[in-house]
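# Structural features, examined
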Amino acid sequence: MHVKQTIAIIGAAGNMGQAIAKALAKEENRLLLFSSNQQKAQLVAEEIKSKNAAIEVEGTGCPVDASWEADIIILAVPYQAEAEIAKKIEDVARQKIVISISNPLNETFDGLVTLPGTSAGEELQKILPDSKVIKAFNTTYAVNFVQPLIDGKQTDAFIAGDHATALTVVEELVRSAGFNPIVAGPLKVSQTLENMQLLLIQLTMKYNYNWHAGWKILHN
């Protein structure tokens, strides 16, 4: 029997936050959607409910309340906002899975603002030492959640983390969102994953992929 999970999506009114919320809007999930603009979070919740009244979803204006009730917390916010949000929810995020989707891009998209030898995922783990930080959804664009198939192939989505049980939970979450999950390794692999997305963004702009592109490992 599937156990209902409560998932808090912090930054639910942004492009990625909305895309993740809609992809995870299934009856076995309860969604708590936070935005600094509570009205926007409620509009996203209402849109989800309009398509399936059985979905448990609500908008909230408090990240602490959303995180306190959640089993899984998804920080769907830019890297520049991640640390501030993490410090607010630290006490209520203990022992919980916290998913970092951010890419620490600079303003010109030609590099990362994190120091060499670290990543946004690892920096988040330092702020939340008692949480199970997992890197996920950072190598996907928002439109991929609507169309995870590209050229007839299911987009791969990479995951990294140091907690085996949490990785298994997030792997299933990624699969339920429509992607082929690949556990890439421990949390330090976030450095590679964040550089992968930097490259994909650069290629998307260079070759005009129209923000609908993704990674796929082809193998025997």
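Owing to the predicted nature of the structure, the values given are computational and were not obtained by experimental measurement. (Residues numbered from 1 in each chain as written. Predicted model: local features only at pLDDT ≥ 70, side-chain atom pairs only at ≥ 80, totals over all residues. Heavy atoms only, no water.)

## Some words on the overall build of the protein chain
Inclusion rule: We count a stretch as a helix when DSSP gives it H or I for four or more residues in a row; a strand needs E for two or more, and each element gets its number in order from the N terminus. Restricting the calculation to C-alpha atoms gives the radius of gyration, and the globule rule supplies 2.2 Å times the number of residues raised to the power 0.38. Using a 1.4 Å probe on the protein chains alone, a residue whose accessible area is under 20% of its type maximum counts as buried, one over 50% counts as exposed, and one in between counts as partly exposed.
The helix and strand tally for the protein chain stands at eight helices and ten strands. Radius of gyration (C-alpha) of the protein chain: 16 Å, near the 17 Å computed for a compact globule of 220 residues. Dimensions of the protein chain, computed from C-alpha atoms along their principal axes, come out at roughly 40 × 40 × 35 Å. Burial status across the protein chain gives 49% buried among its 220 residues.

## Observations regarding the sheet that holds strand 1 (residues 5-10)
Condition: Pairing between strands requires that DSSP locate at least two bridges from one strand to the other. Where helices are involved, their axes are fitted lines through C-alpha atoms of the stretch in contact, as for all axes, and angles between N-to-C directions lie from 0 to 180°. The contact criterion used is simple: two residues touch if any of their non-hydrogen atoms lie within 4.5 Å.
Here eight strands make up an open sheet; going across it, the order is 3-2-1-4-5-6-9-10 and the pairing mixed. Edge positions in the sheet fall to strand 3 (56-60) and strand 10 (180-185), since each has one partner strand and no second. On average, each strand axis in the sheet is inclined to that of its neighbour by 25°, with strand direction left out of account. Contacts between helix 5 (residues 120-127) and the sheet are confined to strand 4 (72-75), strand 5 (97-100) and strand 6 (132-135), with strand 6 contributing the most and set at about 170° to the helix.

## Thoughts on the nonpolar core
What tends to happen in soluble globular proteins is that the nonpolar side chains get buried as a cluster. This is how the line gets drawn: In this text, buried Ala, Val, Leu, Ile, Met, Phe, Trp, Tyr and Cys residues form a nonpolar core when linked through side-chain atoms within 4.5 Å.
Of all hydrophobic cores here, the largest spans 36 residues; its most connected members are Ile9, Ile20, Leu33, Ile74, Ile99, Phe137 and Phe145. Sorting the residues of this core by element identifies strand 1, helix 1 (15-23), strand 2 (29-34), helix 2 (38-51), strand 4, strand 5, strand 9 (156-161) and helix 7 (164-176) as the ones contributing at least two each. Of all hydrophobic cores here, the second largest spans 19 residues; its members include Ala66, Val77, Ala86 and Val92.

## Regarding the packing of aromatic side chains
Cut-off, in case you're wondering: Only centres within 6.5 Å qualify two rings of Phe, Tyr or Trp (six-membered ring in Trp) as a pair; their planes then separate them into stacked at under 30 degrees, edge-to-face at over 60, and tilted for everything else.
A full pass over the atoms with the stated rule returns five aromatic pairs. Considering the side-chain rings of Phe145 and Phe179, the 4.9 Å spacing of their centres and the 85° angle between planes classify their relative orientation as edge-to-face. Of this pair, Phe145 sits in helix 6 (residues 142-146) while Phe179 is found in the loop between helix 7 and strand 10, placing the two residues 34 residues apart along the sequence. Through successive ring pairs, a cluster of aromatic residues spans Phe137, Phe145 and Phe179.

## Here we look at the layout of surface pockets
What counts here: Lining residues are defined by having an atom within 4 Å of a point belonging to a cavity or pocket. Those points lie on a 1 Å grid over the protein atoms alone, cavities being sets where a 1.4 Å probe fits but cannot get out and pockets being open sets with protein on both sides within 12 Å along at least five of seven lines. Grid points are joined across faces, edges and corners, and a volume is the space filled by probe spheres set on the points. We call Asp, Glu, Lys and Arg charged. Ala, Val, Leu, Ile, Met, Phe, Trp, Tyr, Cys and Pro are nonpolar, and the rest, Gly among them, are polar.
Looking at the largest pocket, its volume works out to about 750 Å³. The wall of the largest pocket is formed by 30 residues, among which Met16, Ala76, Val77, Pro78 and Ile101 lie closest to the centre. Of all the elements in the fold, those that place two or more residues in the lining of the largest pocket are helix 1, helix 4 (79-89), helix 6 and helix 8 (190-207). Residue contributions to the lining of the largest pocket peak at four residues, all from helix 4. Classifying every residue of the lining of the largest pocket gives 18 nonpolar, twelve polar and no charged.

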